[in-house]
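# Structure at a glance
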Amino acid sequence: MSIPARAEIVIVGGGAVGCGAAYALANAGQTDVVVIERAAGLAQATTSQGAGLCGQIRASVERTQLAMHSAAVFRRLQAESPVRPDWHPVGSLRIGLSSLAARHFARLKQIADQAGVEAELIDPAAAQRICPVFDFSSATSILWCPSDGYMTPQCVAAAYAHQAQQHGVRFVVGTSVTGITLVGGRVAAVETNAGRIECGLCINAAGANAYHVARLVGLELPIVPVRHEYFVSLTAQGMHAGLPCFRIPETALYGRAAGDALLLGGWERASLAHDPRQYALAGAPPEVVPDEPLLDDFARRLAPLYPAATGLARQRIGRGWPTFTPDGAFLIGPTRHVPGFVMAGGCNAHGISGSGGIGRLLVESLLATEPSEYVRSLSPDRFLDRPWDWDTAQSAAQAVYETYYDIEGC
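Let me sum up the structure you'll find in this document. In this text the structure is predicted, and so the values were computed from the model without any measurement.

Helix and strand counts for the protein come out as 11 helices and 21 strands. Computed over its C-alpha atoms, the radius of gyration of the protein comes to 21 Å, within 12% of the 22 Å expected for a compact globule of 410 residues. With the C-alpha coordinates of the protein rotated into their principal frame, the extents come out at 65 × 45 × 40 Å. A total of 410 residues make up the protein; the buried ones form 59% of that total. Look at the contacts in the protein between residues 6 or more apart in sequence, and 78% of them connect residues 24 or more apart. Just so you have it, the protein exposes about 15300 Å², and 51% of that area is on carbon and sulfur atoms. Here the protein contributes 31 positive and 36 negative side-chain charges, whose respective centroids are spaced 2 Å apart.

Turning our eyes to something else, we now look at the sheet that holds strand β16 (residues 253-258). Sheet architecture is open: 8 strands sit in the order β5-β6-β4-β15-β16-β17-β14-β18, paired in mixed fashion. In the strand order of this sheet, the two ends are held by β5 (120-122) and β18 (314-320), each with one partner. Each strand axis lies, on average, 20 degrees off the axis of its neighbour in the sheet, ignoring direction. With 4 bridges joining them, strand β14 (residues 228-235) and strand β17 (residues 261-266) adopt antiparallel strand pairing. Bridge assignment links Y230 to a residue of β17, and that residue is G265.

A separate point is the packing of aromatic side chains. Using the criterion set out here, one finds 14 aromatic pairs in the structure. With centroids separated by 5.6 Å and ring planes inclined at 40 degrees, the aromatic side chains of F74 and W87 adopt a geometry described as tilted. Remark: W87 occurs in the loop between α2 (61-80) and β4 (92-96) and F74 occurs in helix α2; sequence separation between them is 13 residues. With relative accessibility at 0%, the residue F74 sits in the buried group. Relative to Y306, the ring of F134 has its centre 5.7 Å away and its plane inclined at 45 degrees; by these criteria the two rings are tilted. On the criterion of sequence distance, the pair formed by F134 in the loop between α4 (124-130) and β6 (141-145) and Y306 in the loop between α7 (292-302) and β18 is long-range, its members being 172 residues apart. In terms of burial, F134 and Y306 fall into one category: buried. Between R256 and the ring centre of Y150, over which it is positioned, the NZ or CZ distance is 4.0 Å. The side chain of R314 reaches across the aromatic face of F231, ending 4.9 Å from its centre.

Spanning 20 residues, α2 covers 28 Å between terminal C-alpha atoms, matching the ideal 28 Å at 1.5 Å per step. Residues R63, T64, L66, A67, M68, S70, A71, V73, F74 and L77 constitute the buried set of α2. Considering only its buried residues, α2 is in contact with α1 (16-27), β3 (53-54), α3 (99-115), α5 (153-166), α8 (355-367) and α9 (373-377).

Burial of strand β21 (residues 341-345) is extensive: 5 of the 5 residues sit out of reach of the surface. By the bridge criterion, 3 bridges tie strand β12 (residues 201-204) to β21 in an arrangement that is parallel. Each bridged residue has a counterpart across the sheet, and for I203 the counterpart in β21 is V342. Taken together, the 4 bridges between strand β20 (residues 331-334) and β21 define a ladder with antiparallel strand orientation. The residue of β21 that forms the bridge with I332 is A344. Count of turn residues in the β20/β21 antiparallel hairpin: 6 residues, of which G340 carries a positive phi of about 95 degrees.

Analysis parameters
- Residues numbered from 1 in each chain as written.
- Predicted model: local features only at pLDDT ≥ 70, side-chain atom pairs only at ≥ 80, totals over all residues.
- Heavy atoms only, no water.
- Helix = DSSP H or I, 4+ residues; strand = E, 2+ residues; numbered from the N terminus.
- Rg over C-alpha atoms; globule rule 2.2 N^0.38 Å.
- Buried < 20%, exposed > 50% of the residue type's maximum accessible area, 1.4 Å probe, protein only.
- Contact = heavy atoms within 4.5 Å.
- Areas by Shrake-Rupley, 256 points an atom, 1.4 Å probe, with all protein chains shown as cover.
- Lys, Arg positive; Asp, Glu negative; His and termini not counted.
- Charge placed at Lys NZ, Arg CZ, Asp CG, Glu CD.
- Pairing = 2+ DSSP bridges.
- Axes fitted to C-alpha atoms, helices over the stretch in contact; angles between N-to-C directions.
- Phe/Tyr/Trp six-rings, centres within 6.5 Å; stacked < 30°, edge-to-face > 60°.
- Lys NZ or Arg CZ within 6 Å of the ring centre and 35° of its normal.
- Expected span 1.5 Å × (residues − 1).

Below, the structure is given as structure tokens:
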């Protein structure tokens, strides 16, 4: 599709967040929207490397309700759209290995009850019936959420895009954003290598390049790419598509069956981040070279529950640079520093699974007369209204990654 001369809203980035934003805006009646993606197709960068788990129970009611909304969107698209997100409502088990985990899971159960998502603390025998391939004898607490599941990330983006297109949203791929024109201090146009689009709003959903897109309007935001990896094995003993997803906070692991294979990922205690100032908008973070010893360690960590994990051959390694913020919260909404410029980034590894909810929050930030306190707390102005330095910000963002499954936090 050729570049239109004008649109009310231009979204920069055609991953799950950008496509989800277009879908949410279209459903809210904002249909004069153009999505610009520099790759040859949608969802080819960070989204394509996602593991696809969608867990709804989070450390706060607000975050849990956000995830619940995303799961509801996936269910609706799976049921109603001819282009589906490949949603599998297999449920999820959160497995604790200590008394501290048991107390933490009890708090999570209270949050789930407040938010209105079904959750149950179950015993090892019940967990064994749900997931017979695991040995739950070492578990001190198990939290079961039957409405959790997983999807295929690129299918999610495709489903959003299809539905948005039905409302008139336009998608332009193979096109790079080169600049943003301001007139009187506010956004007036987005410049691309294929021409100029005059617009009233520019939404930055550029993932690992979101820092650079913000710099186009003179804004410095701490959006830190942090390495993340998982693997998909060859055939693994007992695995089949109907098994639940799992999370083991004390070993910082997550996973699911991938057909008759095992998908297994985890969070590193000594993370590897990249300073986005070291590459240009036209570039990308360096390629993630698979860290085989790290992936071997993931398998060793899982072995007490699933001995067959050790020594599994791998068919694929998922790897990429999801972006993190120093406070672990999204960057969503407009900024008073540059009217017309809107953030939808810094998703802290929750961009794909949270994309439906992120779209809702974005719409609220733009269209609600009085956005909620939670939405206001996500404003990029929280970093633009006070000084900060990159070393401290990057260290804090890495700490968010490294403690992602800490049982005292989320």
